[in-house]
Structure formats: structure tokens, C-alpha cells
Amino acid sequence: MKAPIESPVSDIRRPMSDWGQVTLFRTDDLGALGRVIRDICLTEGLVAVPYVRRKRETWDRMEYGTGATSDRWSLALGAGLGGWSVVKTAPLELLAEPGASGEHRLGVIARRLGCEALHVSLYDGTAMVIVQAAPTGEVALSGYSMDGTSFHGVEIEEQRLEPRIEGPGIPPSVQEALENFLSDGFDELIEKLAGQHWVDVSLKLVDGDEIPSARVLSFMRPALEKKPPLRVKLSVEEHPLGTRYVLDEGIWLTSGSIEAATSALGAAFVEKVARWLEVPVALEPGVPRSLFCVRAPPSEYTQRAGVETELVSLGDDGGGEFLLHASRGLGSAEIEERSPHQRRNLVARLTRALVGARTNNNAVYRDFDRVFDEPTTHAVGAFAGEQLITAWWRRGRSAVAIEGRGIFELPGLCTAIAGTARQFALALVTPRVSNGYSQGYGQEDCSVIVVIDVDTGEVREVLHSDEHLTFGFTRLFFAGDVLGVRAERDGKPTVVTIEGEARTESPGDFREWMRNAMKPPLGVDGLYSSYELPMLWAGPDAVVVVDEHAREARHSETGAALAVLDLRTREQRPFCDAAGLEPVACSASGARCLAQIDTRRLFVGTRRVDI
């Protein structure tokens, strides 16, 4: 079954061996450690406040935010083991982050105390970032996070992507356990240098609970006067997968995301918010990229008749938030700022979600438009010749759109698509779970492959799973008129090929079969590939390639690092003009390109440059 997207960094409510963070300093002088931490907090503009009980928000900044996005910081200091002192923080990676000066707080503290320092974050048992500081203040990072090689905006060097804990005071058993499993290494670190009683301290810090074994420091940003609320238009839409708020006729707010119908509407909304908060902005609209959000009643608010109040929390990497007071009956809402200190951060988050960014003025594919506007959790798309075909999930069913024709439904969830000339194929799986929160399926769930005629809309089933042949997780590709299907026969990888009424099976790797069927051009290095695609043709005489010159930290966006190579002239131009797009398919002539922001949002662009 497809797993849901996991929550970001947290050692809260999870087994220690799956998620956790700990910060350690090789000193037993807790007094000096506390004074240095206090000085850093005060220098960054916070003030010391009493440590008190508080009500946790559903998506609390102290748990899911960063030092920059949380207005309250709490830290627990105490004795560890083997000559180390332990610090647990909320936000959870507070001391490992770069501070306001750009320098890692961990390095600053290590230099002032003249000691080694160490921070370890474990994510879902599958990723780990280790931040180590020398007594000189020099900081080294290793490992990788759930966001890849970026840790709070700092890129981890390629040669240090394997997590390592090394240096004075680190028992050899920690690195040995780490080489076995990341979770084993984290457990061993806690066991040898901290102690099990430190495991749940972050939870207590977020809630303001008493921590008898530690000295607790608490800080807040000073109170500032808020702006009067901003009034916006509000309408409510009902869709197969739930209710959607529409703000100012173009900003979509669901239970899980915020996005804009178009980047132009998104820019107008961001400019309105920026004027309200007096934050200067310079926008260059690309495509609206959306942003994960959580909507929930705030922990404390005054109920007003006819008004629904929600705290809207944006983003899982620090994020931002605002209060939304919705008056459905009046068709209006008010946006209330949550923290005056977070104005720039809120505008920046909204800009990314609703406006995007334009890149590459000389790009081959430009002016990308959204393909469909119905909220969904998964979508697929392809070209049948020059005609665009898309399909997306509804509740237990899939909507299918053939360009120039209406939308129709098919039973099952679409998991893969492929097109050729005048027909296309869809893989449809019957979900084992389908409720108001999620839809899920597995490899062995009942699945079918259908082929649909573009002109007539005729649907023809060509393959059905059984107890031996399964393809819940599949890929499709047309090699001419031959349809290839990734499947398993009694658990072994199998390639099924279908041509007319004839069907054959052969054991083997589908990706390799697909790559051979695509006929990669000879003598071309750096062909673009993804999990779904071994390569991508952009018409009969061009291919998408990776632009090695753009693969630097400042160009980490997928679209910025891709180019289109003309095989006749060997001329190479940037792929697209909008940040964040990943190519999915090109029409037969290469005149248009289908791209995605993620697996639920598709955009189509047009070739504007002859290559």
C-alpha cells in the first residue's frame, strides 16, 4: 500500500529508533553552556521569559518550525554521559541551524566554550544529518535529510553524504552501530552519551511540562502590534475529494494545500498581502507551485457567531501561518496575521506557493498553463500524438480527459498512462482503502489495463491481474503499436507486451526494456531520467538532457538543471521558463511539453524557440 507522506522532523510521538534529535557538548560546565546559549538567544532579538505550560497547536511552530519561524524557543540542559552535556530544544534542530548571522549556532557555542559539539537528527529511520563542531567553531555536516542534501539551506558536500560520527569523545561503538542501521547508531549514541531519560524531553518542551532532570531556558520574541485584519472574498466549492475554499476568486485552500489557479492570480493576491503587511516584493511569475498546509482551530480564540476560525499553517520546512476567519454566509473572510515578526516569511511562503518564479528567458518550453483545476491526490498524463490526455483520482474512480472532448469516469485509480498516435493506455487499480482521508493500494490488488481510442472514446480491456500476474504498481510504454506493461509473475519482475489480441510475457527489468524501446541516441551523455522515465524525447530530433553547468546549489531546481539538445545541430537550450517543473512527456512533434510540480499537479507548455 502506498504510504502517506510522513510528517517532518520530530522525535515526538514516535519510537526513538525512527525519529529523534539530540545535541551534545563535550563539557561538564553547564553554567557556562547556559550562559553562552542565553547570550546567543538575546543577540538574535529574543527575550528571556518564564517557562510555563502552553497549549500545543495542531501544527506547532515549536515542533515543526525553525528558529527563524518560531517566536518561542525553549531549551533543556543537563548532564549526559562520558563527559558530555545534553541539550534538547524546541524548535527541534535549533542549535544545529544557521543563526541570524549565517553561522551555525552549534559552531558559535563550541568556539566560545572551546569544546567539541555534536547534533544528530534521525528521520523515519531512513535518513540522518550529523552536524559536528570543533573547538575552533569549524562545522562539518554529513548525511542527508528527507529533503535530500539540503539542511536548513546548507548543502551537504557530495563526499559526505554517508552519515558519520567521528572525533574525540565518540565511542567507536556508535559509528559501528551507525554502519549497521541509522536507527542503531542513534540508539547507541543516546545510550552512551545521553541516557534514555532524554528521549521525550522535546515533547515536554513544546508543551511546557516540568523537566526535573534539566535546567530549562525559555525565550520569546518581544510582542509587536498586529495589523488590522485583511478582508478577502470567499467562496466554497464541493469536489469529489472534498471541500475547497476559494479566496479572491483564484486562491485555492484545501485541507492539505494552498495554491493558485494561475500565477497571475497568485501574484495579485501576494501583492495584496504584501501591501497589507508593508513587505516589499518583486514578483516574476512562473507556475504556482502550491504548498503543504494544515488547517485546524487555534488552541485559543474567541468564537464569533457565523464565523469559522482556523489557523492555517503553511509548509513543512519551517513554514508560516495566519488566522482565517471565514464567513461563509457573507461570502467573505478575514486574514489575521499570527505574528508581526513573521511578515516577510509569510509573504515569501505565499510567493513560492502561489506565484512561483520565472527562469531562463531563452528556454525552449514556455508559458506553462495548468491542465485541470479539480483538486486531487494523484494525476497522470501523456500525449496521443499531438493530443493531450490526462487522468486523475476521484473517490475510488478516475476522471479521464481527452483534449477537445469531455471528461468521463472509469472505475479504479489511475496509476500509469502511455499514448501513441490515436490511442492511449491506462492502468487502473481497485483501492483496498478509500475513505475521507486517504486512498491506498498494493501490488497485488485487482488491476486492469485498458486501451482507449482517442477519436471514438471506446474503452477496451487488454489485461487483468490475477493471483499470479500482478501490476498494482506498474509502468506503461508504447513501442510503436506494442504496449509494454511492468508486472510481476509470482513475485518476479515480468515485462508483458500486448499487440492487438496477442500477448507475451518475458522475465526482465521493465525499465531496461523501455529504454531500449525508446532507442536512445548514440553519443549523447547526460540524458535526463527519472523514476518513471529512462529518457525523454522532445520531438523526433531532440532530447532532454541534464545541464551540468546548472547543477550547482543555487540551481537545485529540477527545471533549472535541464536542457533540450538538438541532435542535428548539437545546440542546447534551457528546458523551461518556470522553476520547479519536471518534464513528464512531449508531443510527437515536440511542439508541447507536459510537466509536473508533483504527482498531482500538471502543466502544459509550448515550444517557443526553434532548436
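Residues numbered from 1 in each chain as written. Predicted model: local features only at pLDDT ≥ 70, side-chain atom pairs only at ≥ 80, totals over all residues. Heavy atoms only, no water.

1. Quick notes on the overall build of the protein
Logical step 1: What the protein contains, in helices and strands, is nine helices and 40 strands.
Logical step 2: A globule of 611 residues ought to have a C-alpha radius of gyration of about 25 Å, and the protein, at 27 Å, matches this closely.
Logical step 3: Across its three principal axes, the protein shows a C-alpha extent of roughly 80 × 60 × 50 Å.
Logical step 4: Here the protein holds 611 residues, and the buried ones make up 55% of them.
Logical step 5: Put simply, 57% of the contacts in the protein that link residues at least 6 apart link residues at least 24 apart.
Logical step 6: As displayed, the protein offers around 26400 Å² of accessible surface, 49% of which is attributable to carbon and sulfur atoms. (Helix = DSSP H or I, 4+ residues; strand = E, 2+ residues; numbered from the N terminus. Rg over C-alpha atoms; globule rule 2.2 N^0.38 Å. Buried < 20%, exposed > 50% of the residue type's maximum accessible area, 1.4 Å probe, protein only. Contact = heavy atoms within 4.5 Å. Areas by Shrake-Rupley, 256 points an atom, 1.4 Å probe, with all protein chains shown as cover.)

2. Thoughts on helix α3 (residues 105–113)
Logical step 1: Those residues of α3 that sit buried are R105, L106, G107, V108, I109 and A110.
Logical step 2: The secondary structure elements touched by the buried residues of α3 are β1 (20–25), α1 (30–43), β3 (72–79), β5 (117–123), β6 (127–133) and β7 (139–144).

3. Focus on the sheet that holds strand β25 (residues 423–429)
Logical step 1: Within the open sheet, the four strands sit side by side as β24-β25-β28-β29. Their pairing is antiparallel. One side of each edge strand has no neighbouring strand; the edge strands of this open sheet are β24 (413–420) and β29 (459–464). Ignoring which end each strand starts from, the neighbouring axes of this sheet average 25° apart.
Logical step 2: Where β24 meets β25, seven bridges bridge the pair, whose relative direction is antiparallel. If you follow I417 over to β25, its bridge partner there is L426. (Pairing = 2+ DSSP bridges. Axes fitted to C-alpha atoms, helices over the stretch in contact; angles between N-to-C directions.)

4. Observations concerning the confidence of the model for the protein
Logical step 1: On average, residues of the protein score 92 in pLDDT, and 94% of them reach the 70 mark or higher.
Logical step 2: Long-range and interchain partners of residues 1–16, a stretch whose pLDDT sits below 50, account for 53 contacts in this model, where long-range means more than four residues apart. (pLDDT = per-residue confidence, 0-100.)

5. Thoughts on the nonpolar core
Logical step 1: If you look at the biggest cluster of nonpolar residues, it comprises 35 residues, and the most contacted ones within it are Y365, F368, V543 and L581.
Logical step 2: The contact partners of F368, leaving out residues within four places of it in the chain, are V287, C576, D577, L581, C593, A595, F603, V604 and G605.
Logical step 3: The next biggest cluster of nonpolar side chains, apart from the first, holds 32 residues, and it includes L234, L253, A333 and V347. (Core = buried A, V, L, I, M, F, W, Y, C linked by side-chain atoms within 4.5 Å.)

6. Here we look at the packing of aromatic side chains
Here the distance between the centres and the angle between the planes together describe a pair of aromatic rings.
Logical step 1: Scanning all chains against the criterion turns up nine aromatic pairs.
Logical step 2: Aromatic ring contacts, followed pair by pair, group W59, Y64 and F292 into a single cluster.
Logical step 3: One residue, R244, lies across the ring of W252, its end atom 4.0 Å from the ring centre.
Logical step 4: The lysine or arginine in question, R295, covers the ring of Y245, its NZ or CZ lying 4.5 Å from the ring centre. (Phe/Tyr/Trp six-rings, centres within 6.5 Å; stacked < 30°, edge-to-face > 60°. Lys NZ or Arg CZ within 6 Å of the ring centre and 35° of its normal.)

7. Section: the sheet that holds strand β4 (residues 85–90)
Logical step 1: Reading across from one edge, β2-β10-β3-β4-β1-β5-β6-β7 is the order of the eight strands in this open sheet, with antiparallel pairing throughout. Edge positions in the open sheet fall to β2 (47–48) and β7, since each of these has one partner strand only.
Logical step 2: The pairing of β3 with strand β10 (residues 215–220) spans six bridges and is antiparallel. Note on β10: the bridge partner recorded for W73 is F219.
Logical step 3: Across the sheet, α3 lies against β1, β3, β5, β6 and β7, angled at about 30° from β6, the strand it touches most.
Logical step 4: The sheet contacts of helix α5 (residues 182–194) involve β1, β4, β5, β6 and β7, and relative to β1 the element is tilted by about 40°.

8. Quick notes on the pairing of β3
Logical step 1: For β3, the tally of buried residues reaches seven of eight residues, placing the bulk of the element in the interior.
Logical step 2: By the bridge criterion, six bridges tie β3 to β4 in an arrangement that is antiparallel. The partner of L77 across the bridge, within β4, is V87.

9. Remarks on unusual backbone geometry
Logical step 1: Note the cis peptide between A90 and P91, where omega equals 5°.
Logical step 2: Position of P91 among the secondary structure elements: in the loop between β4 and α3.
Logical step 3: One non-glycine residue with positive phi stands out, namely S290, at about 70°.
Logical step 4: Under the relative-accessibility criterion, S290 is labelled buried at 9%.
Logical step 5: Positive phi, close to 55°, is recorded for N360, a residue that is not glycine.
Logical step 6: Here N360 lies in the loop between α8 (343–354) and β19 (365–370).
Logical step 7: Judged by its relative accessible area of 23%, N360 falls in the partly exposed class.

10. Remarks on the packing of helix α7 (residues 263–277) against α8
Logical step 1: Put simply, α7 and α8 touch, their axes get as near as 9 Å, and they point 175° apart. One element, α7, and the other, α8, form an angle in the roughly antiparallel class. Along the contact surface, α7 presents S263, G266, A267, F269, V270, V273, A274 and L277, while α8 presents R343, L346, V347, L350, T351 and L354.
Logical step 2: Residues that form the contact of α7 with α8 fall into these classes: 10 nonpolar, three polar and one charged. (Parallel < 35°, antiparallel > 145°, perpendicular 65-115°, else oblique. Nonpolar A, V, L, I, M, F, W, Y, C, P; charged D, E, K, R; others polar.)

11. Topic: α5
Logical step 1: Taking 1.5 Å per residue as the helical rise, α5 with its 13 residues ought to reach 18 Å, and the 17 Å between its terminal C-alpha atoms agrees with that figure.
Logical step 2: Among the residues of α5, L182, S183, G185, F186, E188, L189, I190, L193 and A194 are the ones counted as buried.
Logical step 3: Looking one or two residues beyond α5, the residue adopting positive phi is G195, at roughly 115°. (Expected span 1.5 Å × (residues − 1).)

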